[in-house]
Amino acid sequence: MCGVCGCGEGEVRIEPEHSHEHHQQEAIREDPSERSHLVRVEQDILAKNDALAGHNRAHFRNHRVLALNLVSSPGAGKTTLLVRTLEALLPETTAAVIEGDQETTADADRIRETGAPAVQVNTGKGCHLDAQMIDSAFNRLHFSDGILFIENVGNLVCPAGFDLGEAHKVVIASVTEGEDKPLKYPNMFAASSLMLVSKVDLLPHLDFDVDALIANARRVNPAIAVIQVSAKDATGMDSWLQWLAGARGMMAATA
Ligand SMILES: Nc1nc2c(ncn2[C@@H]2O[C@H](COP(=O)(O)OP(=O)(O)OP(=O)(O)O)[C@@H](O)[C@H]2O)c(=O)[nH]1
Ligand SMILES: [Mg+2]
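Thresholds, definitions, all that
Residues numbered from 1 in each chain as written. Chains lettered and ligands numbered in written order. Predicted model: local features only at pLDDT ≥ 70, side-chain atom pairs only at ≥ 80, totals over all residues. Heavy atoms only, no water. Helix = DSSP H or I, 4+ residues; strand = E, 2+ residues; numbered from the N terminus. Contact = heavy atoms within 4.5 Å. Phe/Tyr/Trp six-rings, centres within 6.5 Å; stacked < 30°, edge-to-face > 60°. Near = heavy atom within 4 Å. Polar contact = N/O pair within 3.5 Å; in protein donor to acceptor, adjacent residues only side chain to side chain. Areas by Shrake-Rupley, 256 points an atom, 1.4 Å probe, with all protein chains shown as cover. Nonpolar A, V, L, I, M, F, W, Y, C, P; charged D, E, K, R; others polar. Donors = N, O, S within 2.8 Å, 3.2 Å for Na, K, Ca; no water. Buried < 20%, exposed > 50% of the residue type's maximum accessible area, 1.4 Å probe, protein only. Salt bridge = Lys/Arg side-chain N within 4 Å of Asp/Glu carboxyl O. Pairing = 2+ DSSP bridges. Axes fitted to C-alpha atoms, helices over the stretch in contact; angles between N-to-C directions.

Re the environment of V197
Working step 1: With respect to the secondary-structure elements, V197 resides in strand 6 (residues 194-198).
Working step 2: Each C-alpha atom of the pair V197 and G77 lies 9.9 Å from the other, and the pair is 120 residues apart in sequence.
Working step 3: Beyond its immediate chain neighbours, meaning those up to four positions away, V197 contacts A173, V175, L213, V226, I227, Q228 and V229.

Right, here's the structure in full:
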């Protein structure tokens, strides 16, 4: 994890285990002044990010752009779903993509094959996109009047804390990840407007309880919308496209 995203912020809770009391003593010996300095630095970084995210949000509004921040663990199917989505949207609806990965331009290359403009952001050691990266990437796209999909770095933790100026976070949870993810990584599910349950074509081969996943997501976010999708056999694509049209309509109505 990176040293700027607040990974070390907040209370760290370790379940007590009598045989490991020395671990607790080590934790108590930690220098509290060092820790509070780190927390202050992280708070400054997040405050600066929030200000830039506000700038991005105004920028998107002025360009009539619906910006969506797609977040998930690595390999949940973000790029594959985006490719299918762009194939369905273009050319009637214009769309562009900002791709976030630690390394490679592989995902932006896949997106460009659909005809949609894409900018790859490589975060190096960083584990999330931030508002500054999105500002720079958006300025390169020269994009207006459409949907901007931002594919965040595959990570269910840190991207939850960084507002990019998007209208919505959309969390993608694949059926191979386990039903417990919303409870283990609640911030991401709490911050998202929509959960796409991906790869549902695999369900016949798995011991996976979709209802339990949805119940867990609604425990941390009772208002979260849910759509089950497969990029393989197109299940749920109509509902996803309808959701996108609704979000665009909502944005136009409040402009
Ligand atoms: N069966 C099935 N496989 C899928 C589906 N969507 C994606 N996959 C597979 O899942 C793997 C990862 O897909 P990606 O689209 O690259 O996932 P990603 O979330 O963009 O991955 P990162 O960008 O590396 O985090 C690939 O092997 C895809 O072929 C789906 O709907 N059904
Ligand atoms: Mg990807």
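Observations concerning the packing of aromatic side chains
Working step 1: Enumeration over the complete set of coordinates arrives at 3 aromatic pairs.
Working step 2: Between the aromatic rings of F60 and F138, the centroid separation amounts to 5.0 Å while the plane-to-plane angle is 90°, which identifies the pairing as edge-to-face. Note that F60 is positioned in helix 2 (residues 32-62) and F138 in helix 5 (residues 131-141), a separation of 78 residues in sequence.
Working step 3: Grouping aromatic residues by their ring pairs yields a cluster made of F149, W240 and W243.

Points about the site of ligand 1
Working step 1: For ligand 1, the set of nearby residues contains 18 residues, the closest of which are K78, T79, T80, D201 and A231.
Working step 2: Separating an oxygen atom of ligand 1 from a side-chain N or O atom of D107 is a distance of 3.1 Å.
Working step 3: In this structure, K199 approaches ligand 1 through a side-chain N or O atom, which is 2.9 Å from an oxygen atom.
Working step 4: In the complex, the protein chains occlude 72% of the 650 Å² of accessible area that ligand 1 would expose alone.
Working step 5: Elements that contribute at least two residues to the shell around ligand 1 include exactly helix 3 (78-89) and helix 4 (106-112).
Working step 6: By residue number, the principal contributor to the shell around ligand 1 is helix 3, which donates 3 residues.
Working step 7: Split by residue class, the shell around ligand 1 holds 4 nonpolar, 6 polar and 8 charged.

Regarding the coordination of the magnesium ion (ligand 2)
Ideal values for angles at a metal depend on the geometry: 109.5 degrees with four tetrahedral donors, 90 or 180 degrees with six octahedral donors.
Working step 1: Distances from the magnesium ion (ligand 2) to its protein donors, T79 (OG1), D107 (OD) and E151 (OE), fall within 2.1 to 2.2 Å.
Working step 2: All donors of the magnesium ion (ligand 2) belong to a single chain; written as a sequence motif, their spacing is T-x27-D-x43-E. With D107 in helix 4 and E151 in strand 4 (residues 146-151), this pair connects stretches of sequence that are 44 residues apart. The burial state of D107 is the same as that of E151; both residues are buried.

As for the pattern of salt bridges
Working step 1: For the coordinates displayed, the defined rule picks out 8 salt bridges.
Working step 2: Notably, a salt bridge pairs R110 with D107, separated by 3.4 Å at the nearest N-O pair. Residue R110 and its partner D107 are located together in helix 4, separated by 3 residues, close to a single helical turn.
Working step 3: Residue class for R110 comes out partly exposed when judged on its relative accessible area of 35%.
Working step 4: Three or more residues joined by partner-sharing salt bridges are found here, namely D180, K181 and K184.

Observations concerning the pairing of strand 5 (residues 168-174)
Working step 1: For strand 5, a buried count of 6 out of 7 residues is recorded, marking the element as mostly surrounded by other parts of the structure.
Working step 2: Relative to strand 5, strand 1 (residues 65-72) runs parallel, the two sharing 5 bridges. Residue pairing for strand 5: S72 is matched across the bridge by I172.
Working step 3: Two elements, strand 5 and strand 6, share 5 bridges in a ladder whose sense is parallel. Within strand 6, the residue paired with I172 across the bridge is L196.

Description of the sheet that holds strand 7 (residues 225-228)
Working step 1: Reading across from one edge, 3-2-4-1-5-6-7 is the order of the 7 strands in this open sheet, with parallel pairing throughout. At either margin of the open sheet sits one strand with a lone partner, and together these are strand 3 (118-122) and strand 7. Shown here is a sheet whose adjacent strand axes are inclined to one another by a mean of 20°, direction ignored.
Working step 2: Lying on the sheet, helix 9 (residues 237-254) is in contact with strand 1, strand 4, strand 5, strand 6 and strand 7; it crosses strand 1 at an angle near 135°.

Describing unusual backbone geometry
Working step 1: Residue P91 is bonded to the preceding L90 through a cis peptide linkage, with omega at 0°.
Working step 2: As for its placement among the helices and strands, P91 is situated in the loop between helix 3 and strand 2 (95-101).
Working step 3: Of note in this structure, K199 is not a glycine but carries a positive phi near 65°.
Working step 4: Structurally, K199 can be placed in the loop between strand 6 and helix 8 (210-220).
Working step 5: The backbone phi angle of A234 is positive, close to 70°, even though this residue is not glycine.
Working step 6: By relative accessible area, A234 is classed as partly exposed at 46%.

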